[in-house]
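# Structure at a glance
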Amino acid sequence: MDSVEEMGPVDYLVIEFPGNRMTGEAFPLLVDLVDRGIVRIIDLAFVRKETDGSVVGLELRDLGDEMDLSVFEGASAGVLDQSDLEEAANALEPGNAAAVLVYENLWAAPLAAALRRSGAQLVANGRIPVQALVAALDATEETVPPGGSAVA
């Protein structure tokens, strides 16, 4: 792992799979992002929230034979512990499973390092859900007169 001063921003995702249905369709795309040096997987874990609310960590071999997930073997640095998985499971509906991914944004590492060297620090960040962005754009289009411009 690079020194902290040279690292890019680190994010996490909790991706819910309703009814424990993991098709594996997205996994090759994640591998592609890693192969192209866009992200680095720091930790990847799988969890299931039972119908009684209990939380069970899943091993790759527990996810079914229909997906080849061997490429992710060893993709865990041990950053996520049981309390993290239980916290992630709070966002899940009972009976569903999730992938919990911690990753470094390698594409942003040079920018982040330069900002840190200049004394800058991140004071806030967030994500805009795609649905919210689309709704905002739709609302903007509705307020612009035909042939008009949204820019004043």
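This section reports on the structure supplied with the text. (Residues numbered from 1 in each chain as written. Predicted model: local features only at pLDDT ≥ 70, side-chain atom pairs only at ≥ 80, totals over all residues. Heavy atoms only, no water.)

## Thoughts on the environment of Ala114
Defined as follows: Per the convention used, a helix needs a DSSP run of H or I reaching at least four residues, while a strand needs a run of E reaching at least two, with both numbered from the N terminus.
You can see Ala114 is positioned in helix H3 (residues 109–117). For the pair Ala114 and Glu6, spaced 108 residues apart in sequence, the C-alpha to C-alpha distance is 8.6 Å.

## Quick look at the side chain of Asp43
Note the following rule: Only protein chains enter the calculation, and the probe is 1.4 Å; a residue is then buried if its accessible area is under 20% of its type maximum, exposed if over 50%, and partly exposed in between. When charges are tallied, Lys and Arg are placed among the positive residues and Asp and Glu among the negative ones, while His and the ends of the chain are skipped. Whenever a carboxyl oxygen of Asp or Glu lies within 4 Å of a side-chain nitrogen of Lys or Arg, that contact is scored as a salt bridge. Between N or O atoms, a polar contact is any pair within 3.5 Å; within protein, one atom must be a potential hydrogen donor and the other a potential acceptor, and residues adjacent in sequence are included only when both atoms are from side chains.
Mapped onto the elements of the fold, Asp43 is located in strand E2 (residues 39–49). Despite being buried, Asp43 has no salt bridge partner; Arg40 is the closest side chain of opposite charge, sitting 13 Å away. In this structure the side chain of Asp43 is engaged in a polar contact, spanning 2.6 Å, whose partner is the backbone nitrogen of Val79.

## Observations concerning the sheet that holds strand E4 (residues 97–105)
Put simply, the rule reads: In short, DSSP must find at least two bridges between two strands for them to pair. To obtain each axis, a line is fitted to C-alpha atoms, and for helices this fit is confined to the stretch in contact; angles are then taken between N-to-C directions over 0 to 180 degrees. Note on contacts: a residue pair is in contact if any heavy atoms of the two residues lie within 4.5 Å.
One open sheet accounts for 4 strands, arranged E1-E4-E2-E3; its pairing is antiparallel. On the outer flanks of this sheet lie strand E1 (10–17) and strand E3 (55–58), each paired with one strand and no other. If you compare each strand with its neighbour and ignore which way they point, the axes differ by 25° on average. Direction of pairing for E1 relative to E4: antiparallel, over a ladder of 8 bridges. The residue of E4 that forms the bridge with Val14 is Val100. In this fold helix H1 (residues 27–35) packs onto E2 and E4, with an angle of close to 155° to the strand it touches most, E2.

## Concerning the pairing of E4
Within E4, 9 of the 9 residues are buried, which leaves it mostly tucked inside the rest of the structure. Residues Ala97, Ala99, Leu101, Tyr103 and Asn105 of E4 are buried on one face, and the alternating residues Ala98, Val100, Val102 and Glu104, pointing to the opposite face, are buried as well.

## Remarks on the pairing of E3
In this sheet, E3 lies alongside E2 in antiparallel orientation, the contact comprising 4 bridges. Bridge pairing in E3 places Lys49 opposite Val55. Where E2 hands over to E3, the hairpin turn is made up of 5 residues, of which Gly53 adopts a positive phi near 90°.

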